[in-house]
Amino acid sequence: MKAIKMNNGVEIPVLGFGTYQITDFQEAEAAVLAALQAGYRHIDTAQSYMNEEAVGRGLAKSGIPREELFVTTKIWVENVSYEGVKTSFQQSLDRLKLEYIDLLLLHQPYNDVYGAWRAMEELLAENKVRSIGISNFAVDRAVDLAEFNEVTPQINQLEINPFHQQTRNIQALREENILPEAWAPFAEGKNDIFKNEVLVGIGQKYHKSVAQVIIRWLIEQDIVVLAKSVKPERMAENLDVFDFSLTDEDKQAIAALDAGESQFFSHADPAMIKWMASRKLDI
Ligand code: NAP
């Protein structure tokens, strides 16, 4: 699979398997195993998904050598501090039964981000993580973090889909050498995305589904994509995107779908920040 080099030289497979909302232990273990059997080598989890242990079981059961896997996890808000990262990172490693993580992200731009970043820089220096990054950071916060610290984040994982294309943000991140990574590429099905006429029409030209058109549209822009499905046939479908290309006309039609706002919520909404601050993980 195509891989993209991050600003530290480490390569990340352009398409990863997302595990958000797969909380049942058996289901999460089976989904990760099936995804690896389908051909994914890049798996995205998080402390807050409450499935790191099951993900680790799926990884182990696959028998795939560790060096062929790319595993991401994310530090939840309550652990975003120097000590919180140190302690909770080790707990994540233990749950995943891994010796190191390929990409460690700050899940949200809240709490003691600077203290947390210093701990992540230390983990990087100790080779306990191969790369470090952020998620859901507005560009100004990302640039601020990069400017006043040793290590520039390798990745910013953001909501990016045809209805929320984030074109200007992505351009600004690229100017800082921070790679964009798309969460909810299908907007979790919101706004009837799988029946969208423009996307269906483009797909028909290439005998591809809406999901395949969206993934292709992202990888052609060198945006890392995370796609989630618990269904093996969809896992395979979402991987089958390397045998066609979009035309400029297709890309213009997709550009016109941009509504310019999140399909979920704003990370600048005080009520959401309070909700996230109050969410304590019980793992
Ligand atoms: P998503 O990938 O946009 O959408 C997942 C939904 O699409 C599921 O309901 C899935 O259903 C369906 N689906 C998948 N492939 C399909 C296909 N080929 N045809 C029709 N339906 C299909 O949403 P997401 O899971 O929120 O985002 C992807 C990953 O990004 C997550 O799993 C997680 O790893 C990451 N993420 C990160 C953040 C963050 O704050 N950093 C936030 C959200 C997500 P089935 O499972 O039933 O197939």
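For the structure itself, consult the block above.
Summary of the structure given here.

Definitions and cut-offs
Residues numbered from 1 in each chain as written. Predicted model: local features only at pLDDT ≥ 70, side-chain atom pairs only at ≥ 80, totals over all residues. Heavy atoms only, no water. Pairing = 2+ DSSP bridges. Helix = DSSP H or I, 4+ residues; strand = E, 2+ residues; numbered from the N terminus. Axes fitted to C-alpha atoms, helices over the stretch in contact; angles between N-to-C directions. Contact = heavy atoms within 4.5 Å. Phe/Tyr/Trp six-rings, centres within 6.5 Å; stacked < 30°, edge-to-face > 60°. Buried < 20%, exposed > 50% of the residue type's maximum accessible area, 1.4 Å probe, protein only. Lys NZ or Arg CZ within 6 Å of the ring centre and 35° of its normal. Core = buried A, V, L, I, M, F, W, Y, C linked by side-chain atoms within 4.5 Å. Expected span 1.5 Å × (residues − 1). Parallel < 35°, antiparallel > 145°, perpendicular 65-115°, else oblique. Left-handed = near helix turned anticlockwise from the far one by under 90°. Nonpolar A, V, L, I, M, F, W, Y, C, P; charged D, E, K, R; others polar. 1 Å grid on protein atoms, 1.4 Å probe; cavity = no way out; pocket = protein on both sides within 12 Å on 5 of 7 lines; lining within 4 Å. Points joined across faces, edges and corners; volume = space filled by probe spheres on them.

Let us look at the sheet that holds strand E7 (residues 132-135). Strands pair in a sheet through their backbones, by hydrogen bonds, and they do so in one of two ways: parallel or antiparallel. Pairing is parallel in the closed barrel, where eight strands are placed in the order E3-E4-E5-E6-E7-E8-E9-E10. Along the sheet, successive strands turn relative to each other by an average axial angle of 25°, direction set aside. Most of the contacts of helix H8 (residues 210-219) go to strand E10 (residues 224-227), to which it runs at about 155°, and overall it touches strand E3 (15-18), strand E9 (179-183) and E10.

A full pass over the atoms with the stated rule returns five aromatic pairs. Measuring from ring centre to ring centre gives 5.0 Å for tyrosine 20 and tyrosine 49, while their planes differ by 40°; the resulting arrangement is tilted. With tyrosine 20 in the loop between E3 and helix H1 (25-38) and tyrosine 49 in the loop between strand E4 (42-44) and helix H2 (52-62), this pair connects stretches of sequence that are 29 residues apart. The exposure class assigned to tyrosine 20 is partly exposed, which follows from its relative accessible area of 41%. Arranged with centres 5.6 Å apart and planes meeting at 55°, the rings of phenylalanine 186 and phenylalanine 194 form a pair that is tilted. For phenylalanine 186, a relative accessible area of 9% translates into the label buried. Over the ring of tyrosine 100 we find arginine 66, and its NZ or CZ is 3.9 Å from the ring centre. Over the aromatic face of phenylalanine 244 sits the side chain of arginine 216, whose NZ or CZ is 5.8 Å from the ring centroid.

The next subject is the nonpolar core. One broad trend across soluble globular proteins is that nonpolar side chains are buried collectively. Residues Ile12, Leu15, Leu59, Leu104 and Leu106 are the most contacted members of the largest nonpolar core, which totals 83 residues. Considering each element in turn, this core owes the most residues, eight residues, to H8. Not counting residues up to four positions away in its chain, the partners in contact with isoleucine 12 are Lys2, Ala3, Ile4, Met6, His42, Phe70, Leu103, Ile155, Leu179, Glu181 and Val224. Ranked by size, the runner-up nonpolar core spans six residues in total, among them Trp76, Tyr110, Met276 and Leu281.

On to helix H3 (residues 82-96), then. Relative to the 21 Å expected for 15 residues at 1.5 Å per residue, H3 spans 21 Å between its end C-alpha atoms, a close match to the ideal helical length. Against H2, strand E5 (70-75), strand E6 (103-106) and helix H4 (113-125) lie the buried residues of H3.

Once that is clear, we can look at H4. With 13 residues, H4 should reach 18 Å at 1.5 Å per residue; the first-to-last C-alpha distance of 18 Å fits that figure. Every buried residue of H4 is accounted for by Val113, Gly115, Ala116, Trp117, Ala119, Met120, Glu121, Leu123 and Leu124. Residues of H4 that are buried in the fold lie against H3, E6, E7 and helix H5 (139-147). Downstream of H4 by a residue or two, asparagine 127 has a phi angle that is positive, lying close to 60°.

So, on to unusual backbone geometry. The phi torsion at glutamine 21 lies on the positive side, around 70°, for a residue other than glycine. Mapped onto the elements, glutamine 21 comes out in the loop between E3 and H1. In this structure, glutamate 188 is a non-glycine residue whose phi angle is positive, near 50°. Mapped onto the secondary structure, glutamate 188 falls in the loop between E9 and helix H7 (197-206).

Running from amino to carboxyl end, H4 crosses H5 at an angle of 50°, the nearest separation of the two axes being 11 Å. Relative to H5, the element H4 lies oblique. Our pair here, H4 against H5, has a crossing hand that is right-handed. Along its contact with H4, which presents Val113, Tyr114 and Trp117, the element H5 presents Arg141, Asp144 and Leu145. Looking at side-chain class alone, the contact of H4 with H5 contains four nonpolar, no polar and two charged residues.

What follows covers the layout of surface pockets. Estimated volume of the largest pocket: approximately 980 Å³. In terms of lining, the largest pocket is formed by 43 residues, of which the most central are Tyr20, Gln21, Ala184, Glu188 and Lys228. Contributing elements (two or more residues each) for the lining of the largest pocket: H8, E10, helix H9 (232-239) and helix H11 (270-278). Along the lines of polarity and charge, the residues of the lining of the largest pocket split into 20 nonpolar, 15 polar and eight charged. For the second largest pocket, the calculated volume is near 380 Å³. Lining the second largest pocket are 19 residues, with Asn136, Phe137, Ala138, Gln166 and His267 positioned closest to its centre.

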